[in-house]
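# Residue-level structure breakdown
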Amino acid sequence: MGFLHSLLLALCLVLNLVFVCNGGRTSTFVRKVEKTIDMPLDSDVFDVPSGYNAPQQVHITQGDHVGKAVIVSWVTEDEPGSNAVRYWSKNSKQKRLAKGKIVTYRFFNYTSGFIHHTTIRNLEYNTKYYYEVGLGNTTRQFWFTTPPEIGPDVPYTFGLIGDLGQSYDSNKTLSHYELNPTKGQTVLFVGDLSYADNYPNHDNVRWDTWGRFAERSVAYQPWIWTVGNHELDFAPEIGETKPFKPYSHRYRTPYKASQSTSPFWYSIKRASAHIIVLASYSAYGKYTPQYKWLEQELPKVNRTETPWLIVLMHSPWYNSYNYHYMEGESMRVMYEPWFVKYKVDVVYAGHVHAYERSERVSNVAYNVVNGICTPIKDQSAPVYITIGDGGNLEGLATNMTEPQPEYSAYREASFGHAIFDIKNRTHAHYSWHRNQDGYSVEADSHWFFNRFWHPVDDSTTHVSH
Ligand SMILES: [Fe+2]
């Protein structure tokens, strides 16, 4: 028995050693290679709702800094129609009206419908509201639930989707998110929505189809928007020189509530999370408006009120695929020391059409004289997650740098979505779900320990004793 026991112990030690010595993991899952193609215009997910001037492309997002307001947006095609939203809480029969604005825009030979944006304010926390748009013509009804009051131990579940597009795979990603038994209450969207710019003259009809496709989720729960490169729509060859024109007419953010001067970078508080959204394609160097905003924003984060500090951006800082390699580097050089100083819990990015999760690492020692430029393990640093795997028509990023860098904990070239499920001030459960599995299969998962309240090592390659 003694001998057997020793043998087992030795075996365990060897296995442990292997576990410790291994850096990250590249998934052995190999996806069947299929072409990623957009759904045709006559697909049912793009159906125009019936009825005269029926509101379409209905979508909501948070409308203030604390979660007591909602921006409701929709498009009417026949005439402007009413700009009002009628809304009431589940517990009250009293119906209220909120009025908003209507905008239109032209893009080359395309003219938009009437785009409505109405903000509903002074809502009660943790309450189901019904709302109606299209008053006076074809009225459509939807609902949403406001978040609980902000507090350090408030559980809340965020979905994570990036680079979605409108292919058959995009449709699978959205369905898997909707059918995940862990119900996401709000989507953190890390940029690249419609991919209309892949069509001749950036055919903006594909912005409309995307709006109709996403409605089944975003009319009922807020999506928090991050701007990506496919929102730029910068096309001087056809005379379109105003960046972000279609996106900024169609999608609104509550940027003024966080003293931002631009809709592309801002912050919100929701439940127990403080979420900072950054813009990879707006100036971020020293002295720029984004730099100055972030510099004054980070000290305002109160971890006693909102323990979880989450950052969203489009272009990842840590990415070991041979796609968009080091595109996030200049922003990393500018802001990474702040992320470490303020102990950001997690950074979500998109852009690379695959999945990757990093260890907690930083790379802030470098200067031109010392040449120190290797990422090191750092328990004050965020975990970096690339989730640009929504499934758009450009297809998967499959080519990876080899060997896998030590900072890369897990990587896999598959489409999917993720869930960040906050339990309390110390723990959050994170899971990534590839499309090829059942809804509830966690292809990658991770327990996050909060960097402010429970800053112990939560890395997957760490062996605890
Ligand atoms: Fe992108």
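Because the structure is a prediction, the values reported are computed rather than measured.

### Quick notes on unusual backbone geometry
With an omega of -5°, the peptide bond between Glu402 and Pro403 qualifies as cis. Residue position: Pro403 is located in the loop between strand S22 (383-387) and strand S23 (408-412). Positive phi outside glycine occurs at Asn201, with the angle close to 55°. The residue Met326 is not glycine, and still its phi comes out positive at about 65°. Structurally, Met326 can be placed in the loop between strand S17 (308-312) and helix H6 (329-341).

### Examining the coordination of the iron ion
Protein coordination at the iron ion comes from Asp192 (OD), Asn229 (OD1), His314 (NE2) and His351 (ND1), with a distance range of 2.1 to 2.2 Å. Its four donor atoms give the iron ion angles of 86 to 171° at the centre, a pattern that matches the irregular case. Taken in chain order, the donor set of the iron ion reads D-x36-N-x84-H-x36-H. A residue pair is termed long-range when its members are at least 10 positions apart, and Asn229 in the loop between strand S14 (223-225) and helix H4 (245-250) and His314 in the loop between S17 and H6 qualify at 85 residues. Judged by its relative accessible area of 22%, Asn229 is partly exposed.

### Observations regarding the pairing of strand S9 (residues 114-120)
A regular strand places its side chains so that they alternate between the two faces of the sheet. Burial analysis of S9 places five of its seven residues in the buried class, which makes it a mostly covered element. In this sheet, S9 lies alongside strand S3 (residues 70-76) in antiparallel orientation, the contact comprising seven bridges. Of the residues in S9, the one forming a bridge with Val72 is Thr118.

### Quick notes on empty space enclosed by the protein
Counting across every chain of the model gives one cavity of 30 Å³ or more. Size it by volume and the largest cavity reaches roughly 60 Å³. Around the largest cavity sit Ile60, Thr61, Gln62, Gly67, Ala69, Val70, Phe144, Thr145, Thr146, Pro147, Pro222 and Arg270, which together line it. Taken together, the elements giving at least two residues each to the lining of the largest cavity come down to strand S2 (56-62) and strand S11 (140-145). Partitioning the lining of the largest cavity into residue classes produces six nonpolar, five polar and one charged.

### As for the packing of helix H5 (residues 289-297) against H6
It is at 11 Å that the axes of H5 and H6 come closest, and there the two elements cross at 10°. Comparing the axis directions of H5 and H6 gives the class roughly parallel. Residues Gln290, Tyr291, Leu294 and Glu295 of H5 form the contact with H6, whose own contacting residues are Met331, Met334, Tyr335, Trp338 and Phe339. Grouping the amino acids of the contact of H5 with H6 by side-chain chemistry returns seven nonpolar, one polar and one charged.

### A short note on the sheet that holds strand S18 (residues 346-349)
With mixed pairing, eight strands are arranged side by side in an open sheet as S1-S23-S19-S22-S18-S17-S16-S15. What marks the edges here is a single partner per strand, and that holds for strand S1 (25-26) and strand S15 (266-270). Two strands pair when backbone bridges link them, and S15 and strand S16 (residues 273-277) are joined in this way by five bridges, in the antiparallel orientation. Note that in S16 the partner of Arg270 across the bridge is Ala273. Contacts from H5 reach S15 and S16, with the element oriented near 165° to S16.

### Here we look at H6
Counted at 1.5 Å a residue, the expected span for H6 with its 13 residues is 18 Å, and the 19 Å between its end C-alpha atoms agrees. The largest bend along H6 reaches roughly 50° and is located at Tyr335, with the proline Pro337 sitting one to four residues downstream. Every buried residue of H6 is listed here: Met331, Arg332, Tyr335, Glu336, Trp338, Phe339 and Val340. Buried residues in H6 make contact with H5, S17, S18, strand S20 (361-362) and S22. Phi turns positive, to about 55°, at Lys343, one or two residues after H6.

### Thoughts on the pattern of salt bridges
The full count for this structure, using the stated rule, is 17 salt bridges. Residue Arg140 pairs with Glu215 through a salt bridge whose shortest N-O separation is 2.7 Å. Highlighted residues: Arg140 in strand S11 and Glu215 in helix H3 (residues 205-218), separated in sequence by 75 residues. Take Arg140: its relative accessible area is 19%, and that puts it in the buried class. For Glu215, a relative accessible area of 10% corresponds to the buried category.

### Regarding the nonpolar core
Counting residues in each nonpolar core, the largest one holds 81 residues, and the members touching the most others are Phe339, Phe420 and Tyr430. One finds Val58, Ala98, Tyr129 and Ala219 within the second-largest nonpolar core, a separate group that totals 16 residues.

How each quantity is defined
- Along each chain, numbering runs from 1 in the same order as the chain's sequence is written.
- Given that this is a predicted model, residues contribute local features only at a pLDDT of at least 70 and side-chain atom pairs are listed and counted only at 80 or more, while totals for whole chains, interfaces and linings are drawn from all residues.
- With hydrogens and water set aside, each side-chain value is computed from the structure's full complement of heavy atoms.
- Only DSSP runs of H or I with at least four residues qualify as helices, and only runs of E with at least two residues qualify as strands; both kinds are numbered from the N terminus onward.
- Only nitrogen, oxygen and sulfur atoms within 2.8 Å of the metal, or 3.2 Å for Na, K and Ca, are treated as donors, and water is left out, so sites may look incomplete.
- For a four-donor site, all angles between 85 and 135 degrees give tetrahedral; for four or six donors, opposite pairs above 155 degrees with the remaining angles between 65 and 115 give square planar or octahedral; all remaining cases count as irregular.
- When accessible area is computed with a 1.4 Å probe and restricted to protein chains, residues below 20% of their type maximum are described as buried, those above 50% as exposed, and intermediate ones as partly exposed.
- Should DSSP find at least two bridges between two strands, the strands are regarded as paired.
- Grid points spaced at 1 Å over the protein atoms alone were grouped into cavities, where a 1.4 Å probe fits but cannot get out, and pockets, open sets with protein on both sides within 12 Å along at least five of seven lines, with lining residues defined by an atom within 4 Å of a point.
- Grid points are joined across faces, edges and corners, and a volume is the space filled by probe spheres set on the points.
- Basically, the charged four are Asp, Glu, Lys and Arg, the nonpolar ten are Ala, Val, Leu, Ile, Met, Phe, Trp, Tyr, Cys and Pro, and anything else, Gly included, counts as polar.
- Here the axes come from fitting lines to C-alpha atoms, over the contacting stretch only for helices, and the angles between their N-to-C directions go from 0 to 180 degrees.
- Roughly parallel here means an angle under 35 degrees, roughly antiparallel means over 145, roughly perpendicular means 65 to 115, and every remaining angle is called oblique.
- Throughout, a contact is declared for two residues whenever any of their heavy atoms are within 4.5 Å.
- Given a helix with a known number of residues, its expected span is that number minus one, times 1.5 Å.
- Fitting axes to the seven residues ending at a residue and to the seven starting there, one defines the bend at that residue as the angle between these axes.
- By definition, a salt bridge exists where a carboxyl oxygen of Asp or Glu is found within 4 Å of a side-chain nitrogen of Lys or Arg.
- The set of buried Ala, Val, Leu, Ile, Met, Phe, Trp, Tyr and Cys residues whose side-chain atoms join them within 4.5 Å is what this entry labels a nonpolar core.

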